[in-house]
Amino acid sequence: MILPLVFYSCSGTETGDSTTADNEFTGAPGEVKLMTVDPGHFHASLVQKYSYDQVDSVAYVYAPEGSDGLERHLARIEQYNNREENPTNWVEEVYTGPDFFEKMIEERPGNVVVLAGNNAKKTSYIKQSVDAGLNVLSDKPMVIKPERFPMLREALEQAHENGILLYDIMTERFEITTILQRELSRYPDVFGELEKGTPEDPAITKESVHHFFKYVSGQPLIRPGWFFDVDQQGEAIVDVSTHLVDMILWETFPGQGIDTTDVNVVHADRWATQMTPDQFTKVTQMEPYPEYLEEDLDENNNLNVFANGSFVFTVNGVHGKVSVEWDYQAPEGAGDTHYSIMRGTKANLVIRQGEEQNYTPTLYVEPVNGSGGEQFEQALNSAIEEIAGEYSGVSLTPSDNGWQVVIPDEHRIGHEAHFAQVTEQYLDYLVDGEIPEWERKNMLTKYFITTQAYEKSR
């Protein structure tokens, strides 16, 4: 089976209907039509790893000519169409030309713009799409430089006023250990109350380690050269940290909208990861370095990428810390890792993902302040029994410092599948006709925090 494709150049005929997209969604089959813009990041294809009844099988792609990202995007879609288990049936109609974005705005064959690629122009693409009355599903980050934050704020406000749905892809909320950490924090007899913490000992900490070279959908991931240019991809503080800030807001104040006036960045730091020329070639299939990376080379021709960062901030007086590191490649059998702790007055809820956990995210409940007696254990068992009503099979087993939450494999669907869950959430919001107020407020505040941290790190 060959992926159905229609290519046309800047002089080609138009596809689709050029009328303004209809924003009245009912959940009917095929009423959502995707328009993917310059899919330079593999997250664009992960939105289409599965089919959705509400989404038309014809997807429109607008990209510059000669784009390696486009070729890899289409190859992944073809892989999803041709797999034996649960194949998709996407038909990709592709426009390439220097005016690809303007052409998308002009033609508008769809009603949802998907953005996942070079972040340098993403905020502008978001604003122009909203100006054109188009809904937007955007990969993170939606902004990477503080001077662009006012543009994002305006786009979010304008989208809400005009009934347009602008939403970013927050996959980590769907990781089962994060979900259960959040759930357990809502049981006072188990967790107590969330500590306020200090800058040195925050109440909630999120740390993640990522790798430049990895496998996606079973294939080595080839990254574009611009991924290593922080002016195009963004530094860690404004990139991956977006997920971690989002989870802190989502877990500590569930269902509450946090205003920008409720947060404050205490301090921030950044540092570089070094890559050799051979490593750069392996992960990009490019040599030599592109001109835009030359200023980041040292005397040995190694590339220094400011892909690492950490910062502490407060939310209504609660101290949170996020930290992101990028290594070149994970050890054999390992992958990206995550560590998180929520500190309560009765117990800490800790997620670890190291060698001891076979690099699988694992949630622990660890009593503090002498709270681990029989009464506490009864309360914990009762909480787990209640949670298991929604997440079947969840149970407890003793661990060195308390209990490990045992999670059946059926709930561990993996990072790539989380993109479908976010997309399904977005489709539900389209039918509702709006994004909840707390979501909208936290989206703005999240990027306010990351851009403020960017400035603090200088």
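For the structure itself, consult the block above.
Figured I'd write up the structure that's included with this text. (Residues numbered from 1 in each chain as written. Predicted model: local features only at pLDDT ≥ 70, side-chain atom pairs only at ≥ 80, totals over all residues. Heavy atoms only, no water.)

1. Side note on the overall build of the protein
Scanning the protein for helices and strands turns up twelve helices and 18 strands. For the protein, the C-alpha radius of gyration of 22 Å lies close to 23 Å, the compact-globule estimate for 458 residues. In the protein, buried positions account for 56% of the 458 residues. Partitioning the contacts of the protein with sequence separation of at least 6, the portion at a separation of at least 24 is 78%. Here the protein has roughly 19100 Å² of accessible surface; of this, 44% comes from carbon and sulfur atoms. (Helix = DSSP H or I, 4+ residues; strand = E, 2+ residues; numbered from the N terminus. Rg over C-alpha atoms; globule rule 2.2 N^0.38 Å. Buried < 20%, exposed > 50% of the residue type's maximum accessible area, 1.4 Å probe, protein only. Contact = heavy atoms within 4.5 Å. Areas by Shrake-Rupley, 256 points an atom, 1.4 Å probe, with all protein chains shown as cover.)

2. As for the sheet that holds strand β14 (residues 337–343)
Strand order in this open sheet of nine strands is β11-β12-β13-β8-β14-β15-β16-β18-β17, and the pairing throughout is mixed. The sheet is open, and its two borders are formed by β11 (263–275) and β17 (395–399), each paired with just one other strand. In this sheet, neighbouring strand axes are inclined to one another by 20 degrees on average, regardless of whether the strands run parallel or antiparallel. Of the strands in this sheet, β11 and β12 (303–315) are in contact with helix α12 (residues 437–456), which crosses β11 at around 65 degrees. (Pairing = 2+ DSSP bridges. Axes fitted to C-alpha atoms, helices over the stretch in contact; angles between N-to-C directions.)

3. Structural notes on helix α2 (residues 68–82)
Taking 1.5 Å per residue as the helical rise, α2 with its 15 residues ought to reach 21 Å, and the 21 Å between its terminal C-alpha atoms agrees with that figure. Those residues of α2 not exposed but buried are G69, L70, H73, L74, R76, I77, Y80 and N81. Projected down its long axis, α2 carries its buried residues within an arc of 160 degrees, all on one side. The distance from a side-chain oxygen at the start of α2 to the backbone nitrogen of G69 is 3.3 Å, and the residue carrying that oxygen is S67. (Expected span 1.5 Å × (residues − 1). Arc of directions from axis to C-beta. Polar contact = N/O pair within 3.5 Å; in protein donor to acceptor, adjacent residues only side chain to side chain.)

4. A look at the packing of helix α6 (residues 176–184) against helix α10 (residues 374–387)
Look at α6 against α10: their axes get within 11 Å of each other, and the N-to-C directions meet at 130 degrees. The orientation of α6 relative to α10 falls into the category oblique. Seen along the crossing, α6 lies across α10 with a hand that is right-handed. Of the residues in α10, those in contact with L180, E183 and L184 of α6 are L380, A383, I384 and I387. Residue composition of the contact of α6 with α10, grouped by class: six nonpolar, no polar and one charged. (Parallel < 35°, antiparallel > 145°, perpendicular 65-115°, else oblique. Left-handed = near helix turned anticlockwise from the far one by under 90°. Nonpolar A, V, L, I, M, F, W, Y, C, P; charged D, E, K, R; others polar.)

5. Let's talk about the layout of surface pockets
Here the largest pocket defines a volume of roughly 1000 Å³. Along its surface, the largest pocket is lined by 44 residues, and K214, G335, D336, T337 and H415 are the ones closest to its centre. Counting only elements with at least two residues in the lining of the largest pocket, the list comes to α1 (43–46), β8 (204–213), β9 (215–216), α8 (241–252), β13 (318–329), β14 and α11 (415–432). Sorting elements by how many residues they give to the lining of the largest pocket places β8 first, with five residues. Broken down by class, the residue content of the lining of the largest pocket amounts to 17 nonpolar, 17 polar and ten charged. Reported here for the second largest pocket is a volume of approximately 470 Å³. Every residue lining the second largest pocket is counted, 28 residues in all, and those nearest its centre are D38, P64, S67, N118 and W226. (1 Å grid on protein atoms, 1.4 Å probe; cavity = no way out; pocket = protein on both sides within 12 Å on 5 of 7 lines; lining within 4 Å. Points joined across faces, edges and corners; volume = space filled by probe spheres on them.)

6. Topic: the pattern of salt bridges
Applying the stated criterion across every chain, the model contains 16 salt bridges. The partner of K145 in a salt bridge is D231, with the nearest N and O atoms 3.0 Å apart. Within this pair, whereas K145 is found in the loop between β6 (135–138) and α5 (149–161), its partner D231 is found in the loop between β10 (219–220) and α8, the two being separated by 86 residues in sequence. Take K145: its relative accessible area is 17%, and that puts it in the buried class. Given the relative accessible area of 38%, D231 is considered partly exposed. (Salt bridge = Lys/Arg side-chain N within 4 Å of Asp/Glu carboxyl O.)

7. Considering the pairing of strand β2 (residues 34–37)
By the alternation rule, side chains of β2 split into L34 and T36 and M35 and V37, which are all buried. One ladder, built from four bridges, connects β2 with strand β5 (residues 112–115); its direction is parallel. Each residue of the ladder has a partner; that of M35, found in β5, is V113.

8. Notes on unusual backbone geometry
Cis peptide bonds are those with omega within 30 degrees of zero, and the linkage from K140 to P141 qualifies with -10 degrees. Tracing the chain through its elements places P141 in the loop between β6 and α5. At the junction of E287 and P288, the peptide bond is cis and its omega measures out at -5 degrees in the coordinates. In this model, D38 sits at a positive phi of 40 degrees, which is unusual for a non-glycine residue. Tracing the chain through its elements places D38 in the loop between β2 and α1. A positive phi is found at R108, a non-glycine position, where the angle reads about 50 degrees. Along the chain, the position of R108 falls in the loop between α3 (100–107) and β5.

9. Topic: the packing of aromatic side chains
Inspection of the entire model under this criterion finds 17 aromatic pairs. Taking 6.0 Å as the distance between ring centres and 10 degrees as the angle between the ring planes, the aromatic pair formed by Y167 and Y426 counts as stacked. With Y167 in strand β7 (residues 166–168) and Y426 in helix α11, the pair connects residues that are 259 residues apart, well separated along the chain. The class of Y167 is buried, set by a relative accessible area of 5%. Overall, Y426 belongs to the buried group, its relative accessible area being 1%. On the basis of an interplanar angle of 15 degrees and a centroid distance of 5.1 Å, the ring pair of F212 and W326 is categorised as stacked. Within this pair, whereas F212 is found in strand β8, its partner W326 is found in strand β13, the two being separated by 114 residues in sequence. (Phe/Tyr/Trp six-rings, centres within 6.5 Å; stacked < 30°, edge-to-face > 60°.)

10. Here's the deal with the environment of F253
Tracing the sequence through the fold places F253 in the loop between α8 and β11. The spatial distance from the C-alpha of F253 to the C-alpha of N316 is 9.6 Å, given a sequence separation of 63 residues. Excluding residues that lie within four positions of it along the chain, F253 makes contacts with I248, I258, V315, N316 and V318.

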